[in-house]
Each structure stands twice: as structure tokens, then as C-alpha cells.
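Take a look at the letters that make up each chain.
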Amino acid sequence: MSNSVPDPNEVVVHTGGCHCRRVRWRVEAPASVVAWVCNCSNCSVRGNTHFVVPASKFKLDGGPAGAAEEFITTYTFGTHTARHTFCKVCGITSFYYPRSNPDGVAVTVACVDPGTLTHVEYRKADGKNWEEWFERSQIGGFSKGKAEEAEEEE
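Residues numbered from 1 in each chain as written. Predicted model: local features only at pLDDT ≥ 70, side-chain atom pairs only at ≥ 80, totals over all residues. Heavy atoms only, no water.

## Notes on the packing of aromatic side chains
Item 1. Under the definition given, this model contains 4 aromatic pairs.
Item 2. Here the aromatic rings of F95 and Y97 are separated by 5.7 Å at their centres, their planes lie at 90°, and the arrangement is edge-to-face.
Item 3. Taking the ring centre of F71 as reference, the NZ or CZ of R22 above it sits at 5.7 Å.
Item 4. One Lys or Arg, R46, reaches over the ring of Y96 and ends 5.9 Å from the middle of that ring. (Phe/Tyr/Trp six-rings, centres within 6.5 Å; stacked < 30°, edge-to-face > 60°. Lys NZ or Arg CZ within 6 Å of the ring centre and 35° of its normal.)

Put into C-alpha cells, the structure is as follows:
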């Protein structure tokens with residue numbers, strides 16, 4: 001008899017997207033993730049809680065209406081480093097490119113299709129005091145693959 005629940009440490013393919021399903025994606029990440037609840041002016045208003053993955057592990061898919069890229073628009077502010085993407089039709093940010101991890105993608109937990117996330121550890125991100133928080137948070141390592149992490153530790 002097989003166990004249908006993924007091992008929390010196992011890397012699985014999560015799928016998800018926006019509310020109208022025009023923006024669809026897949027991401028390789030563990031079944032157990034660390035998600036960030038940010039209090040910055042943008043995330044707090046949108047209620048965005050996200051986990052970070054290497055950009056190489058994230059791929060846009062075509063939704064029922066065609067290529068996802070056609071339905072994505074981007075908003076930037078402040079340093080313009082973070083690229084807040086959202087669906088032009090339904091307005092949902094199912095992923096974005098975070099300032100903390102310019103080599104990664106932040107995936108909105110609530111936009112992951114059910115069945116592959118076995119555990120979510122929620123951590124607070126102090127976006128109101130970003131520079132100070134970033135230095136002590138270690139979030140920068142979340143967009144690195146295991147090989148990249150090992151190289152940086154040497």
C-alpha cells in the first residue's frame with residue numbers, strides 16, 4: 001500500500017496559479033516549506049504569504065486561455081528591485097520576484113494547488129525595517145540550490 005502524502009523533505013512538483021487560472025505555473029520545492037508573512041506596505045495590504053525558491057525551479061505554464069505571460073503585469077516601487085507580478089484579469093499575485101532574493105521566485109502559499117504541501121512553517125518578515133531584518137533573516141539562502149549553499153559555506 002503506498003502512502004499518498006509526500007515526505008516533507010522530498011522535493012515535489014507543486015502547481016498553482018491565479019484565481020481565473022489564466023496564470024499557471026509549476027515549481028520544484030520540498031513538500032514542507034518556510035513561508036514568510038511580511039509586513040511591508042505591499043505584502044501587508046495584499047495579505048501575501050510566500051515561500052522562496054530558486055528561479056531555475058519555477059516555470060510558467062500555459063493556462064486554459066493560452067500562454068500565462070500574456071496575462072501577467074508587473075508593479076514595482078521603492079528600489080524597484082522586487083517585481084510584483086499579478087494577473088491582468090483577476091488581480092491575484094500568485095508569485096513575484098522578491099527584493100530579498102533577486103535570483104529566486106516568491107510563491108504565494110494560498111495559490112498552490114491542494115495536495116503537495118505537507119507542512120508550512122510561518123515566519124515573520126519585517127519589511128517595514130527591511131535592511132535590518134534582511135541581514136539577520138537568512139532569507140537570501142532560500143533561493144539557492146543545495147549545491148550553491150555548499151559552495152557558499154566553503
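## Some words on the sheet that holds strand β5 (residues 58–62)
Item 1. Read across the sheet, 3 strands follow the order β1-β2-β5 without closing on themselves; strand pairing throughout is antiparallel. Here the strands that pair on one side only, and so sit at the sheet edges, are β1 (11–17) and β5. Taken over all neighbouring pairs, the strand axes of this sheet differ in orientation by 25° on average, direction set aside.
Item 2. Bridge analysis of β1 against strand β2 (residues 23–30) gives 7 bridges, and the strand direction is antiparallel. The partner of G17 across the bridge, within β2, is R24. (Pairing = 2+ DSSP bridges. Helix = DSSP H or I, 4+ residues; strand = E, 2+ residues; numbered from the N terminus. Axes fitted to C-alpha atoms, helices over the stretch in contact; angles between N-to-C directions.)

## Remarks on the environment of F95
Item 1. Turning to its location among the elements, F95 is positioned in strand β8 (residues 95–96).
Item 2. Note on F95: relative accessible area 2%, which makes it buried.
Item 3. Along the primary structure F95 and T85 are separated by 10 residues, whereas in three dimensions their C-alpha atoms are 6.5 Å apart.
Item 4. Residues contacting F95, with those up to four places away along its chain left out, are V23, W25, F58, L60, I72, T85, V105, A106, V107 and T108. (Buried < 20%, exposed > 50% of the residue type's maximum accessible area, 1.4 Å probe, protein only. Contact = heavy atoms within 4.5 Å.)

## Considerations on the nonpolar core
It is characteristic of soluble globular proteins that their nonpolar side chains tend to be buried jointly.
Item 1. Judged by nonpolar contacts, the single largest core of 22 residues is most densely connected at V23, W25, F58 and V107.
Item 2. At the level of elements, β2, β3 (32–38), β4 (49–54), β5 and β9 (104–108) are the ones that each hand at least two residues to this core.
Item 3. Examining the composition of this core, we find that 4 residues originate from one element, β2, more than from any other.
Item 4. Within the second largest apolar cluster, 12 residues are counted, among which are V34, Y96, A125 and I139. (Core = buried A, V, L, I, M, F, W, Y, C linked by side-chain atoms within 4.5 Å.)

## Digging into the sheet that holds strand β10 (residues 119–125)
Item 1. Read from one edge to the other, the open sheet built from 5 strands follows the order β8-β9-β4-β3-β10, with strand pairing classed as mixed. Edge positions in the sheet fall to β8 and β10, since each has one partner strand and no second.
Item 2. Two strands pair when backbone bridges link them, and β3 and β10 are joined in this way by 7 bridges, in the parallel orientation. The residue bridging V37 from the neighbouring strand is K124, located in β10.

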